[in-house]
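Chain residues, written in single-letter form:
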Amino acid sequence: MKSAVETLNPTRVRLTVEVPFEELKDSLDAAYKKINQQVTVKGFRKGKVPARVIDQRFGRGAVLEEAVNDALPKFYTDAVNQAELSPLGQPEVDITELKDGETLNFTAEVDVRPSIEIPDYSGIEVEVDAVEVTDEDVDKSVEQLRERFASTTPVERAAEDGDVVTIDLEAKVEGKVLEDGVAKDVSYTIGSGELLDGIDDAVKGLSAGEEATFTSELKGGSAAGKEAEVTVKVTQVAKRELPELDDEFAQLASEFDTLEELRADSRKRLENMKQYDQATQAQERVLEKLLELVEVPVPEKLLEDEINTRKHNLEHHQLGQMGLTLDKYLEIQGKTAEEFENETREAAIKGIKTQFVLDELVKQEKLNVNQEELTEHLMRRAASSGMSPDQFAQAVVEQGQVPLLVGEVARGKALAVVVEKATVKDTNGEIVDLDDEEEPAEAEAETAEAAAESAESAEANESAESAESGEDKAEEKSEG
């Protein structure tokens, strides 16, 4: 077999392949065997029909078509490997010549990973927010903890702001009670904003046994987004009582003996959180600077698939779980359909570029992923998915997603290499030493993963499809 490569553009090539007919022998033998098992010829036992009889009765063309369909994927793969290409998606195959007993010639056009040159990135400089924890921040943190230990006491009076009311709800749309529009004994804190718009004004001033009706747009359920007439009945009013901020509270709410110790711990926790946020911010901004330095052509087909993947995930998973349509989501966000399309396209381009650039860095820096790193990443992904590590690991293996996880970790390590060489200063002009941050590798993997998002899945799907495409295209051309 001989093959040649023609570069059509930075992300697409045409393979021209010439196959001597003798290299089709195994596929021809397999074709005769397959046809033998499918046909019945009088005078011959099933599976024992001679090749010449099959040619006479069913035509040599049928055998050649079957043989080519069997052989083409292998010849295409061999040509790709000889040229050391990284194909993306399905090839467009055209059989240019098929002479019985002489030759099989075909071409295959396919998108490929572009060749990327990573310039010197040691001069990257970024600015991040300074880590500053104020007394007000500590007060807010302690107050939130105090809220968690609030108690409630039923009272015989009208409901006020901050009270906890027990309520029954009934929602009607166009005069009909919704099947999922009735709820009993719902506990609600007035002013929390956790239920329907308008409910605070409706229940304030009501005592136990009283009810009111108001109009609100439903946030979820079968009539999400529709205006509903909601009847709310108060069955109990309870006053929330917060514990005193003293040493006794510190002992109740924590492992500390004094309120001063609790506040000191809260300050330290806030500092750690802001340091982690600062590290993530640094990684995101270093990545943006890196992408600005590198010219990355994006294959149109891969970009189209990535955009469609992002839209599908948003509409059928994220918004679907919230009971929202895309139109309602855009209305809430205050965006036009055109703005949404542009933002989705820009995010998809960034995701693909991120993956290409960091993957090239992985090769350039000869980075590897060990079992411990993969296990740590798997544990983190399992936690974010709400699955146990064992369940998540089993799902990853069954779906063939292990290489995707390895890629995520490797890209995180590649980003870490760039961040390590970058100059990071905070808004006070101080140099930020990210080596002091907790779990920097995990943060970098998360940053790289968030930037790339589903680009890797889109590419993986395309690559998987390409394994079958040679056979599909060969059958189409042969039938034509």
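Quick notes on the rules
Sequence order as written defines residue numbering, which begins from 1 separately in each chain. In keeping with the predicted nature of the model, local features appear solely for residues at pLDDT of at least 70, side-chain atom pairs appear and are counted solely at 80 or more, and the whole-chain, interface and lining totals rest on all residues. Think of the side-chain values as coming from all heavy atoms in the structure, minus any hydrogens and water. In this scheme, patches are assembled from residues that exceed 30% relative accessible area and form no salt bridge. Like charges are connected within 9 Å, while nonpolar side chains (Val, Leu, Ile, Met, Phe, Trp, Tyr) are connected within 5 Å. Per-residue and other accessible areas follow the Shrake-Rupley method at a 1.4 Å probe size, with only the shown protein chains counted as cover for residues. The working definition used for a salt bridge is a side-chain nitrogen of Lys or Arg within 4 Å of a carboxyl oxygen of Asp or Glu. All tallies of charge rest on Lys and Arg as positive and Asp and Glu as negative; His and the ends of each chain are not included. All charge positions are set by atom: Lys at NZ, Arg at CZ, Asp at CG, Glu at CD. Runs of H or I in DSSP of at least four residues are treated as helices and runs of E of at least two as strands, each being numbered from the N terminus. We define the nonpolar core as a collection of buried residues of types Ala, Val, Leu, Ile, Met, Phe, Trp, Tyr and Cys that are connected through side-chain atoms lying within 4.5 Å of one another. Accessible area is worked out with a 1.4 Å probe on protein chains only. A residue is then buried under 20% of its type maximum, exposed over 50%, and partly exposed in between. Residues are treated as being in contact if the distance between any of their heavy atoms lies within 4.5 Å. Strand pairing requires that DSSP identify at least two bridges connecting the strands. Note on method: axes are straight lines fitted to C-alpha atoms, helices fitted across the in-contact stretch only, with angles between N-to-C directions ranging 0 to 180 degrees. When the centres of two rings from Phe, Tyr and Trp lie within 6.5 Å, Trp using its six-membered ring, the rings pair. Their planes under 30 degrees apart give stacked, over 60 give edge-to-face, and anything left gives tilted. UniProt positions are given in the numbering used here, feature names are shortened, and annotations may be inferred rather than shown by experiment. A helix is expected to reach a length of 1.5 Å times the quantity of its residues less one. Roughly parallel refers to an angle under 35 degrees, roughly antiparallel to one over 145, roughly perpendicular to one between 65 and 115, and oblique to any angle outside these ranges. Side-chain classes follow a simple rule in which Ala, Val, Leu, Ile, Met, Phe, Trp, Tyr, Cys and Pro form the nonpolar group, Asp, Glu, Lys and Arg form the charged group, and the remainder, Gly included, forms the polar group.

1. Notes on a negative patch on the surface
- Negative charge collects at one region of the surface, where Asp247, Asp257, Glu260 and Glu261 lie side by side.
- You can see Asp257 is positioned in the loop between α6 (247-253) and α7 (259-293).

2. A word on the nonpolar core
- Grouped together as the largest cluster of nonpolar side chains are 37 residues, with contacts concentrated most on Tyr121, Ile124, Leu290 and Leu361.
- Among the elements of the structure, β5 (125-128), α7, α8 (300-322), α10 (337-364) and α13 (402-421) are those that each provide at least two residues to this core.
- For this core, the leading source of residues is α10, giving seven residues.
- With sequence-adjacent residues up to four places away left out, Ile124 is seen in contact with Val286, Lys289, Leu290, Leu293, Val418, Ala422 and Thr423.

3. Quick word on the sheet that holds strand β4 (residues 103-112)
- One open sheet holds the four strands; their spatial order is β1-β2-β4-β3, and the pairing between them is antiparallel. The outermost strands of the open sheet, each flanked by one partner alone, are β1 (2-9) and β3 (87-99). Here the strands of the sheet are splayed against their neighbours by 20° on average, with no regard to which way each runs.
- Judged from the nine bridges that link them, β3 and β4 form a sheet pairing that is antiparallel. Within β4, the position partnered with Glu97 by the bridge is Asn105.
- With respect to the sheet, helix α3 (residues 60-82) is in contact with β1, β2 (12-20), β3 and β4, its orientation differing from that of β3 by roughly 125°.

4. Concerning the pattern of salt bridges
- Applying the stated rule across the entire model yields 33 salt bridges.
- With a shortest N-O distance of 2.6 Å, Asp135 and Arg267 are connected by a salt bridge. In this pair, Asp135 sits in helix α4 (residues 135-148) while Arg267 sits in helix α7, placing the two residues 132 residues apart along the sequence.
- Each of the salt bridges in this network shares a partner with another, and the network as a whole consists of Glu6, Arg12, Arg14, Glu92, Glu109 and Asp111.

5. As for the packing of aromatic side chains
- In this structure the tally under the stated criterion is one aromatic pair.
- Ring geometry for Phe149 and Phe249: centres 6.2 Å apart, planes at 85°, overall edge-to-face. Of this pair, Phe149 sits in the loop between α4 and β6 (151-154) while Phe249 sits in helix α6; the two residues are 100 residues apart in sequence, bridging distant segments of the chain.
- Under the relative-accessibility criterion, Phe149 is labelled partly exposed at 30%.
- In this structure Phe249 comes out as buried when scored by relative accessible area, which is 2%.

6. Some thoughts on the UniProt feature "domain: PPIase FKBP-type" (unreviewed entry) in the protein chain
- With numbering aligned to this structure, UniProt lists the feature "domain: PPIase FKBP-type" (unreviewed entry) at residues 162-215.
- With 9% helix and 54% strand, the stretch residues 162-215 has end C-alpha atoms that lie 22 Å from each other.

7. With respect to unusual backbone geometry
- Its identity as a non-glycine residue notwithstanding, Glu174 has a phi of 55°, on the positive side.
- Residue classification places Glu174 among the exposed residues on the basis of a relative accessible area of 78%.
- In the Ramachandran plot, Asp185 falls in the positive-phi region, its phi being about 55° despite a non-glycine side chain.
- Mapped onto the elements of the fold, Asp185 is located in strand β8 (residues 176-189).

8. Considering α10
- Counted at 1.5 Å a residue, the expected span for α10 with its 28 residues is 40 Å, and the 40 Å between its end C-alpha atoms agrees.
- Once α10 finishes, Lys366 follows within two positions and takes phi at roughly 55°, a positive value.

9. Remarks on the packing of helix α11 (residues 371-385) against α13
- For the pair α11 and α13, interaxial distance at closest approach is 10 Å and the crossing angle is 105°. Between α11 and α13, the angle is such that the two are roughly perpendicular. Mapping the contact onto sequence places Glu373, Leu374, His377, Leu378 and Arg381 in α11 and Val402, Leu405, Val406, Glu408, Val409 and Lys413 in α13.
- The class makeup of the residues in the contact of α11 with α13 is six nonpolar, one polar and four charged.

10. Some remarks on the pairing of β2
- In this sheet, β2 lies alongside β1 in antiparallel orientation, the contact comprising seven bridges. For Ser3, the partnering residue across the bridge sits in β2 and is Val17.
- Where β1 hands over to β2, the hairpin turn is made up of two residues, counted between the paired strands.
- For β2 and β4, the ladder comprises nine bridges, and the chain directions are antiparallel. Its bridge partner being in β4, Val17 is matched across the sheet by Phe106.

11. Focus on the packing of α10 against α13
- Close contact between α10 and α13 brings their axes to 8 Å; oriented N to C, the two are set at 80°. Classed by the angle they form, the pair α10 and α13 counts as roughly perpendicular. Between α10, through Gln355, Leu358, Asp359, Leu361 and Val362, and α13, the contact on the second element is made entirely by Ala410, Arg411, Ala414, Leu415 and Val418.
- Grouping the constituent residues of the contact of α10 with α13 by class yields seven nonpolar, one polar and two charged.

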